[in-house]
Amino acid sequence: MDDERRFQEALRSVRVWDTELPGFDPADVPEEPVALFHRWFADAVAAGVVEPSTMAVATADADGRPDVRTVILHDVDARGWHFASHAGSAKGRQLAARPEAALHFYWAGQGRQVRVRGRVVTGTPEEAYADLHARTTGALASALVSRQSEVLGSLDELERASAAAWERARQDPEAPAPSWTLYVVEPAEVEFFQGDQDRRHVRLRYRRPPQGDGWMRELLWP
Ligand SMILES: Cc1cc2nc3c(=O)[nH]c(=O)nc-3n(C[C@H](O)[C@H](O)[C@H](O)COP(=O)(O)O)c2cc1C
């Protein structure tokens with residue numbers, strides 16, 4: 001069997017939604033999406049979903065070409081969904097030019113997907129500092145290696161820079177990482193998708209109304 005056939009067989013052997021999944025009653029939801037996200041996140045943690053705080057962040061470059069990568073969710077509050085990264089990275093430069101993003105979570109064991117779209121605002125340097133220094137030594141060491149998305153000459157170069165950053169993070173836990181930036185996605189739309197074995201997936205979208213405050217809720221065809 002050639003490699004491509006083996007790949008196709010492996011692909012077809014994989015099943016999606018072929019397990020018992022939680023129910024979702026869209027009539028029994030809070031009026032705004034943050035509370036529902038908190039509820040679903042607690043469910044994901046309780047169900048043992050692996051790394052439920054990882055999410056995809058999609059941005060667009062100056063030519064409108066999409067880009068996407070995984071980052072760690074740092075908070076979700078009334079302002080929105082928080083994550084952190086280097087201002088000089090590809091995403092940082094894209095967000096500086098075009099401060100809009102889409103976020104994506106998929107919690108496989110539960111057949112749940114959450115999508116968020118909105119404007120991105122940058123936290124203050126003090127907020128970024130506090131956020132970083134509430135995290136692990138590894139997070140600080142990683143933030144201190146500040147050349148994210150630049151071309152790397154060799155793995156030796158990374159080894160040296162990383163060792164120096166770990167050393168500094170251990171010696172000086174208060175060390176600043178000036179390019180490390182907190183981003184907050186202010187939600188304009190948030191969609192909750194509950195997968196279903198019979199493919200009667202339930203999709204509930206919260207949307208800011210064109211005028212006024214609050215949220216509209218609407219079901220979407222799967
Ligand atoms: C599980 C996981 C978590 C990650 N978390 C972050 C993060 O919180 N912040 C970050 O800047 N990059 C994080 N990364 C690395 C990004 O995916 C990406 O490689 C990096 O940010 C450069 O992206 P860019 O070139 O689009 O700016 C993470 C990667 C993975 C796989």
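The numbers attached to residues start from 1 for each chain and follow its sequence in the written order. With the structure being a predicted model, the display of local features is reserved for residues of pLDDT at least 70 and the display and counting of side-chain atom pairs for 80 or more, all residues being used for whole-chain, interface and lining totals. The basis for every side-chain value is the complete set of heavy atoms in the structure, and neither hydrogens nor water enter the calculation.

1. Some thoughts on the UniProt feature "domain: Pyridoxamine 5'-phosphate oxidase N-terminal" (unreviewed entry) in the chain
- UniProt positions are given in the numbering used here, feature names are shortened, and annotations may be inferred rather than shown by experiment. The UniProt entry lists residues 43-162 under the feature "domain: Pyridoxamine 5'-phosphate oxidase N-terminal" (unreviewed entry), expressed in the numbering used here.
- The distance separating the terminal C-alpha atoms of residues 43-162 is 36 Å; by composition the span is 31% helix and 34% strand. Each helix corresponds to a stretch of at least 4 residues labelled H or I by DSSP, and each strand to a stretch of at least 2 residues labelled E; elements are numbered beginning at the N terminus.

2. Quick word on the packing of aromatic side chains
- Two aromatic rings from Phe, Tyr or Trp, using only the six-membered ring of Trp, form a pair when their centres are within 6.5 Å; if the ring planes differ by under 30 degrees the pair is stacked, by over 60 it is edge-to-face, and anything between is tilted. In this structure the tally under the stated criterion is 12 aromatic pairs.
- On the numbers, 5.3 Å between centres and 75 degrees between planes, the contact of Phe 37 with Trp 81 is edge-to-face. Of this pair, Phe 37 sits in helix H2 (residues 33-46) while Trp 81 sits in strand E4 (residues 81-86), placing them 44 residues apart in sequence.
- Judged by its relative accessible area of 1%, Phe 37 falls in the buried class.
- Members of the aromatic cluster, connected to one another through ring pairs, are Phe 24, Trp 40, Phe 192, Tyr 206 and Trp 215.
- Here, over-ring charges are defined by two tests on the NZ atom of lysine or the CZ atom of arginine: distance to the ring centre within 6 Å, and angle to the ring normal within 35 degrees. Sitting over the ring of Trp 40, Arg 112 keeps its end group 4.0 Å from the ring centre. Partly exposed residues are those whose accessible area sits between 20% and 50% of the maximum for their type, while under 20% is buried and over 50% is exposed, using a 1.4 Å probe and protein chains only.

3. Section: the pattern of salt bridges
- Any carboxyl oxygen of Asp or Glu within 4 Å of a side-chain nitrogen of Lys or Arg constitutes a salt bridge here. Applying the stated rule across the entire model yields 14 salt bridges.
- A salt bridge links Arg 115 to Glu 191; its shortest N-O distance comes to 3.4 Å. Of this pair, Arg 115 sits in strand E6 (residues 112-122) while Glu 191 sits in strand E7 (residues 180-194), and the two are 76 residues apart along the sequence.
- Residue class for Arg 115 comes out partly exposed when judged on its relative accessible area of 39%.
- Arg 117 is paired through a salt bridge with Glu 189; the nearest N and O atoms lie 3.6 Å apart. Here Arg 117 is found in strand E6, whereas its partner Glu 189 is found in strand E7, with 72 residues between them in sequence.
- For Arg 117, a relative accessible area of 49% puts it in the partly exposed group.
- Here Glu 189 falls in the partly exposed class, since its relative accessible area comes to 23%.
- Beyond isolated ion pairs, a larger network of salt bridges with shared partners links Arg 115, Glu 191 and Arg 203.

4. Observations regarding helix H4 (residues 125-133)
- Those residues of H4 that sit buried are Ala 128, Asp 131 and Leu 132. Relative to the axis of H4, the buried residues are bounded by an arc of 95 degrees and lie together on one face.
- Every residue pair with non-hydrogen atoms within 4.5 Å of one another is taken to be in contact. Contacts from the buried residues of H4 go to E4, helix H5 (137-144) and E7. Comment: arc refers to directions from the helix axis out to C-beta atoms.

5. Topic: helix H3 (residues 90-97)
- The complete set of buried residues in H3 reads Lys 91, Gly 92, Gln 94 and Leu 95. The buried side chains of H3 occupy one side of the element, clustering within an arc of 165 degrees when seen end-on. Seen from the buried face of H3, the exposed residues on the opposite side, beyond 90 degrees, are Ala 96 and Ala 97.
- For H3, the elements touching its buried residues are strand E1 (54-60), strand E2 (66-72), E4, strand E5 (100-107), E6 and E7.

6. Looking at the layout of surface pockets
- Considering only enclosed or pocket space, the largest pocket measures out at about 490 Å³ in volume.
- Only protein atoms enter the calculation, which uses a 1 Å grid: trapped sets of points that fit a 1.4 Å probe without letting it out are cavities, open sets showing protein on both sides within 12 Å along at least five of seven lines are pockets, and any residue with an atom within 4 Å of a point is a lining residue. Together, 21 residues line the largest pocket, and His 86, Ser 142, Val 145, Arg 147 and Gln 148 are the ones closest to its centre.
- Residues are grouped as follows: Ala, Val, Leu, Ile, Met, Phe, Trp, Tyr, Cys and Pro are nonpolar; Asp, Glu, Lys and Arg are charged; every other residue, Gly included, is polar. Class assignment of the residues belonging to the lining of the largest pocket gives a composition of 11 nonpolar, 5 polar and 5 charged.
- Grid points are joined across faces, edges and corners, and a volume is the space filled by probe spheres set on the points. As a volume, the second largest pocket reaches approximately 180 Å³.
- Every residue lining the second largest pocket is listed: Ala 102, Leu 103, His 104, Arg 115, Val 116, Arg 117, Glu 189, Val 190, Glu 191, Arg 203, Arg 205 and Leu 220.
- Sorting the residues of the lining of the second largest pocket by element identifies E5, E6, E7 and strand E8 (202-207) as the ones contributing at least two each.
- Looking at the lining of the second largest pocket, its residues break down into 5 nonpolar, 1 polar and 6 charged.

7. Considering the UniProt feature "domain: Pyridoxine 5'-phosphate oxidase dimerisation C-terminal" (unreviewed entry) in the chain
- UniProt's entry tags residues 180-222 with the feature "domain: Pyridoxine 5'-phosphate oxidase dimerisation C-terminal" (unreviewed entry), counted in the numbering of this structure.
- Helix and strand shares over residues 180-222 are 0% and 60% respectively, and the end C-alpha atoms of the span are 39 Å apart.

8. Quick word on the site of the ligand
- What surrounds the ligand is the set Thr 54, Arg 69, Thr 70, Val 71, Ile 72, Ala 84, Ser 85, Ser 89, Ala 90, Lys 91, Gln 148 and Ser 149.
- Residue Ser 85 places a side-chain N or O atom 2.6 Å away from an oxygen atom belonging to the ligand.
- The Shrake-Rupley method, run with a 1.4 Å probe, gives the accessible areas here. Residue values count only the displayed protein chains as cover. Taking 620 Å² as the accessible area of the ligand by itself, protein coverage stands at 65%.
- Broken down by secondary-structure element, the contributors of at least two residues to the shell around the ligand are E2, E4 and H3.
- Looking at side-chain class alone, the shell around the ligand contains 4 nonpolar, 6 polar and 2 charged residues. Nearness is defined per residue: one heavy atom within 4 Å of the molecule or strand is enough. Under this definition, polar contacts are N or O atom pairs within 3.5 Å; protein pairs additionally need one hydrogen-donor-capable and one acceptor-capable atom, and for neighbouring residues in sequence, both atoms have to be side-chain atoms.

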